[in-house]
Amino acid sequence: MEPIDIGLAVTAGLLVFVVLGMRVAFAAGLAGLVGLIWIFWSKKGYAPEEFGWALTVAAKTAGQVPHSKVSSQALSLIPTFILIGYLAYYAGLTRALFEAAKRWIAWVPGGLAVSTVFATAGFAAVSGASVATSAVFARIAIPEMLAIGYNKKFAAGVVAAGGTLASLIPPSTILVIYAIIVEQDVGMLLLAGFIPGAFSALVYAALIIFMALTIKGFGPPVSGFTWRERLVALPPALPILLVVVTIIFFVYNPFGGDAWGTPTEGGAIGAFIVFLMAVWRGMRLTELKDALLETAKLSVMIFTIIWGVLIYVRFLGFADLPGAFADWITSLTMSPMVILVCILLAYAVLGMFMDAIGMLLLTLPVVYPAVMALNGGPMVSAEDAAFGMSGPMCAIWFGILVVKMAEFCLITPPIGLNCFVVAGVRPDLSVQDVFKGVMPFFIADGITIALLVAFPAIVLWLPSLA
């Protein structure tokens, strides 16, 4: 068999493993190791006495992956971003954010749901984990929405959908993973996530207000807060602004000149700021221990997925499957934009059966080179590009699009992770209730993705300044 045939056969086996319920990390690692053994053995004509040699070389090739990737400085961003989120919870910033949003925004139709969206967006600015955001606000926001008459399914849907904003708004763990896989600048991608993330929150809010105006008794506004009460609610939420500004200045200096440091340093300093805030607000030693343990658990889970998938990616390089797929994509006679839309729709379907991180890690090594080839190559100029943007800008734009698709997959049945988290926190809600509640937000996400595709400047304006 030719290497490309081996690549297709092993990829089919990987998909079977995933469908049968094997964890992505183990399925990808096993498939990658088997594929490497197969390719090396095929080079020796499948001679029985050469199988041991093929096994040894494959094991050594696969064994280099964990160390080479863990030693990457960019990966150290992941635990710092996750730690910021857990420390912010114990510092009381989540409650402060929700209270400030409620006092300033809840007067609009559907105001408490809109306040929840903006509070989750604010918390997303200090949390790299969508799951953590959903879990925290399921405890805070849902009881208040139920108390004034919101439908419990929709209240749960608001929290689950709002939690997805952490995937785009920096610090974003998924954006960091995308940057590592496609070898792009982490800082530029984090910078590019700000406006699309805020834009997504505005679209969610517009949808809620429209529903409140058109559906009788949907979500009454909450009024009666004085200006003094509104102003008093702001200072407790200001530490989040300090963390956001710190991360921005370590990615891009808006006053000109070089950034203050690296994104990794910005994440570490942001975590330290939130830690001081949590200590000042009386965080106990047991709570610090819980925050560190939860950070370690989530970080190890993500690192394990990365290791397993990168073994598979190493095999794909030997099989030349990414190059073959890119050649096939560029040979199609359809418009490049139509092909891109088909790729995004494929992500929507795939996300129904895989978690967001695993989906991106498995597909990007094949899909990313194809999209770059479709645009004209990684070094193409904007004038000669199919999408009207240079190679580096196309990499950023496509990154935001696929991460937005990953957001969408966090709330789609049957395995939308955020929906399971909200249902787990609220015993009075079933997973089916939450899935029904998020259905209106499918429309909002579809509108957002369509606008990001049609108007790339929404994504690329900030990176173009840097």
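Residues numbered from 1 in each chain as written. Predicted model: local features only at pLDDT ≥ 70, side-chain atom pairs only at ≥ 80, totals over all residues. Heavy atoms only, no water.

Under the annotation held in an unreviewed UniProt entry, the chain carries the name Sialic acid TRAP transporter permease protein SiaT and is attributed to Roseovarius halotolerans. On record in UniProt, under Subcellular location (unreviewed entry), the comment for the chain is "Cell inner membrane". In its Function (unreviewed entry) section, the UniProt record describing the chain reads: "Part of the tripartite ATP-independent periplasmic (TRAP) transport system." (UniProt positions renumbered as here; feature names shortened; annotations may be inferred.)

*Asks:* Can you break down helix α8 (residues 152–163) residue by residue, with the values?
*Replies:* For α8, spanning 12 residues, the distance from its first C-alpha to its last is 17 Å, which sits close to the expected 16 Å at 1.5 Å a residue. Most of α8 is tucked away: 10 of the 12 residues are buried. Within α8, burial applies to F154, A155, A156, G157, V158, V159, A160, A161, G162 and G163. Where the residues of α8 are buried, they touch α6 (111–124), α7 (130–147), α10 (186–214), α19 (417–425) and α20 (431–454). Sitting at the amino-terminal end of α8 is N151, which places a side-chain oxygen 2.8 Å from the backbone nitrogen of K153. (Helix = DSSP H or I, 4+ residues; strand = E, 2+ residues; numbered from the N terminus. Expected span 1.5 Å × (residues − 1). Buried < 20%, exposed > 50% of the residue type's maximum accessible area, 1.4 Å probe, protein only. Contact = heavy atoms within 4.5 Å. Polar contact = N/O pair within 3.5 Å; in protein donor to acceptor, adjacent residues only side chain to side chain.)

*Asks:* Report on the packing of aromatic side chains, specifying residues and quantitative values.
*Replies:* Scanning the entire structure with this criterion turns up 17 aromatic pairs. Here F420 and F435 contribute two aromatic rings whose centre-to-centre distance is 6.1 Å and whose plane-to-plane angle is 85°, an arrangement assigned as edge-to-face. Of this pair, F420 sits in helix α19 while F435 is found in helix α20, placing the two residues 15 residues apart along the sequence. On the accessibility criterion, F420 (39% relative accessible area) is partly exposed. (Phe/Tyr/Trp six-rings, centres within 6.5 Å; stacked < 30°, edge-to-face > 60°.)

*Asks:* Which residues make up the packing of helix α4 (residues 77–90) against helix α14 (residues 285–319), and what are the values?
*Replies:* Where α4 contacts α14, the two axes come as close as 9 Å, and the packing angle between them is 150°. For the element pair α4 / α14, the angle class is roughly antiparallel. Both α4 and α14 take part in a crossing whose hand is right-handed. Along its contact with α4, which presents I78, P79, I82, L83, Y86, L87 and Y90, the element α14 presents E287, L288, D290, A291, L292, E294, T295, L298, S299, I302, F303 and I306. For the contact of α4 with α14, a count of residues per class yields 14 nonpolar, 2 polar and 3 charged. (Axes fitted to C-alpha atoms, helices over the stretch in contact; angles between N-to-C directions. Parallel < 35°, antiparallel > 145°, perpendicular 65-115°, else oblique. Left-handed = near helix turned anticlockwise from the far one by under 90°. Nonpolar A, V, L, I, M, F, W, Y, C, P; charged D, E, K, R; others polar.)

*Asks:* For the domain arrangement of the chain, give the residues involved together with the corresponding values.
*Replies:* As far as domains go, the chain holds domain 1 (1–71) and domain 2 (74–297). Each of domain 1 and domain 2 was reduced to a C-alpha centroid, and the two centroids are 40 Å apart. (Domains from an automatic or database assignment.)

*Asks:* Could you give an account of unusual backbone geometry, naming the residues involved and the relevant values?
*Replies:* With phi around 60°, Y46 is a residue other than glycine that occupies positive phi space. Within the element layout of this structure, Y46 appears in the loop between α2 (24–42) and α3 (51–70). A residue is classified by how much of its surface remains accessible, and Y46, at 32% relative accessible area, is partly exposed. Its identity as a non-glycine residue notwithstanding, D320 has a phi of 60°, on the positive side. Mapped onto the elements, D320 comes out in the loop between α14 and α15 (321–331).

*Asks:* Got a sec to walk through the environment of R23? Specific residues and values, please.
*Replies:* Positionally, R23 belongs in the loop between α1 (3–19) and α2. Sequence separation between R23 and I247 is 224 residues, and the spatial gap between their C-alpha atoms is 33 Å.

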